[in-house]
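Report on the structure
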Amino acid sequence: MLFVHGFPFDGSMWTSQLSALPDGWRGLAPDLRGFGRSELNAVPGEVARGNRIGARIARPDEPVLTMARFADDLAELIEREVQGPAVICGLSMGGYAAFALWRRHPHLVRALVLADTRAGADDDEGRENRMRLAQVARQEGARAVAASMLPKLLAAQTRLHRPDVVQRVRTMIMGTRTETLVAALAGMACRHDSTAELPGIRVPTLVLVGEHDALTPPELAGDIVRQIAGARLVTIPGVGHLANLENPDGFNRALREFLVELD
Ligand code: MLT
């Protein structure tokens, strides 16, 4: 089982899921390229640069982390670590990377868990917002990015009553380098629209969404489920965009039920 984190977090966001997998399952939760302890340009020249590919968010000399790049990195990891295909669980940007993995390496995908994500590409307003956030990142750094994102990432209840979760999320964001923040914002802004490909997804699929997810609301999860034959939707009550951190028990229960049926 391969867990793919969202933006701008790292593999440690999956700690509670890794320890709750059913017997017989092994979990991997890598830091995507540039995030956590992973180098952005581990193999020089592999990361795209410039403002054409990066929807004009990255400057010509700045790197762009495309979803295709993440997908190819994940494919390499699966080929190295797993005998055969893996179940892919991606949250938000991790979901965008999961769609790209399905498109580019379908033979490596045994099943999909799509959490708090969307199939569509950014619209003009979404790209404008990313451009603004990239500028905040360059001028004021990750602390300001955390201040801007936190209210949208977590449900009001979480922000009020779970200071531990708020702090954990803030720490992950503040641990992300400015170069990575800008590169991933540019990569998400130019990502492929996966909507038309949903009916072609032929593996068991679970869609999870926080009841109060303000960034990828439950309607979007419903849109995904309706277009994938046999897909199941589970809404995690009382939580926002980071459902696995805000309500690990609810998230893990849905995940375990899905995995046990796959066995
Ligand atoms: C995430 O949680 O990965 C981001 O909210 C995704 C996005 O900005 O589209």
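Summary of the structure given here. (Residues numbered from 1 in each chain as written. Predicted model: local features only at pLDDT ≥ 70, side-chain atom pairs only at ≥ 80, totals over all residues. Heavy atoms only, no water.)

**Here's the deal with the site of the ligand**
Under the convention used in this document: Nearness is defined per residue: one heavy atom within 4 Å of the molecule or strand is enough. Throughout this description, a polar contact denotes any pair of N or O atoms lying within 3.5 Å of each other; where both atoms belong to protein, one of them has to be capable of donating a hydrogen while the other can accept it, and for residues adjacent in sequence the pair is counted only when both atoms sit in side chains. What sets the accessible areas is the Shrake-Rupley method with a 1.4 Å probe; for residues, cover comes only from the shown protein chains. Amino acids outside the nonpolar list (Ala, Val, Leu, Ile, Met, Phe, Trp, Tyr, Cys, Pro) and the charged list (Asp, Glu, Lys, Arg) are all regarded as polar, and Gly is one of them.
In the neighbourhood of the ligand, the contacting residues comprise Gly6, Phe7, Phe9, Ser92, Met93, Tyr96, Arg130, Met188, Leu215 and His241. The contact in question runs from an oxygen atom of the ligand to an N or O atom on the side chain of Tyr96, over 2.5 Å. Side-chain polar atom of His241 to an oxygen atom of the ligand: 2.8 Å apart, as the coordinates give it. Starting from 270 Å² of accessible surface for the ligand in isolation, the protein chains cover 91%. Its residues assigned to classes, the shell around the ligand shows six nonpolar, three polar and one charged.

**Some thoughts on the packing of helix 4 (residues 124-140) against helix 8 (residues 178-189)**
Short version of the rule: Lines fitted to C-alpha atoms define the axes here, with helix axes fitted over just the stretch in contact, and angles between the N-to-C directions of these axes take values from 0 to 180 degrees. Helix and strand labels come from DSSP, where a helix needs a run of H or I of at least four residues and a strand needs a run of E of at least two; each type is numbered from the N terminus. Orientation labels follow simple angle bins: below 35 degrees gives roughly parallel, above 145 gives roughly antiparallel, 65 to 115 gives roughly perpendicular, and whatever is left gives oblique. Contacts are residue-level and defined by heavy atoms, with any inter-residue pair within 4.5 Å sufficient.
Across the interface, helix 4 lies against helix 8 with an axial gap of 9 Å and an inter-helix angle of 170 degrees. When the axes of helix 4 and helix 8 are compared, the pair comes out roughly antiparallel. Across from Arg127, Arg130, Leu133, Ala134, Ala137 and Arg138 in helix 4, the residues of helix 8 making contact are Thr178, Leu181, Val182, Leu185, Met188 and Ala189. In terms of residue class, the contact of helix 4 with helix 8 is made up of eight nonpolar, one polar and three charged.

**Structural notes on the pattern of salt bridges**
To keep it simple, the criterion reads: Whenever a carboxyl oxygen of Asp or Glu lies within 4 Å of a side-chain nitrogen of Lys or Arg, that contact is scored as a salt bridge. Only protein chains enter the accessibility calculation, which uses a 1.4 Å probe; a residue is then buried when its area is under 20% of its type maximum, exposed when over 50%, and partly exposed in between.
Applying the stated criterion across every chain yields a total of twelve salt bridges. With a shortest N-O distance of 3.6 Å, Glu81 and Arg26 are connected by a salt bridge. Of the two residues, Glu81 sits in helix 2 (residues 67-81) while Arg26 sits in the loop between helix 1 (15-18) and strand 2 (48-49), which places them 55 residues apart along the sequence. Overall, the relative accessible area of 44% leaves Arg26 in the partly exposed class. The partner of Asp124 in a salt bridge is Arg127, with the nearest N and O atoms 3.0 Å apart. Of this pair, Asp124 and Arg127 both sit in helix 4, separated by three residues, roughly a single helical turn. With a relative accessible area of 59%, Asp124 lands in the exposed category. Connected via shared salt-bridge partners are Arg33, Arg69 and Asp73.

**Some thoughts on the packing of helix 2 against helix 3 (residues 93-104)**
Running from N to C, helix 2 and helix 3 cross one another at 70 degrees; their axes reach a closest spacing of 8 Å. Here helix 2 is positioned roughly perpendicular relative to helix 3, judged by the angle of their axes. Along the contact surface, helix 2 presents Met67, Ala68, Phe70, Ala71, Asp72, Leu74, Ala75 and Ile78, while helix 3 presents Met93, Tyr96, Ala97, Ala100, Leu101 and Arg104. Looking at the contact of helix 2 with helix 3, its residues break down into twelve nonpolar, no polar and two charged.

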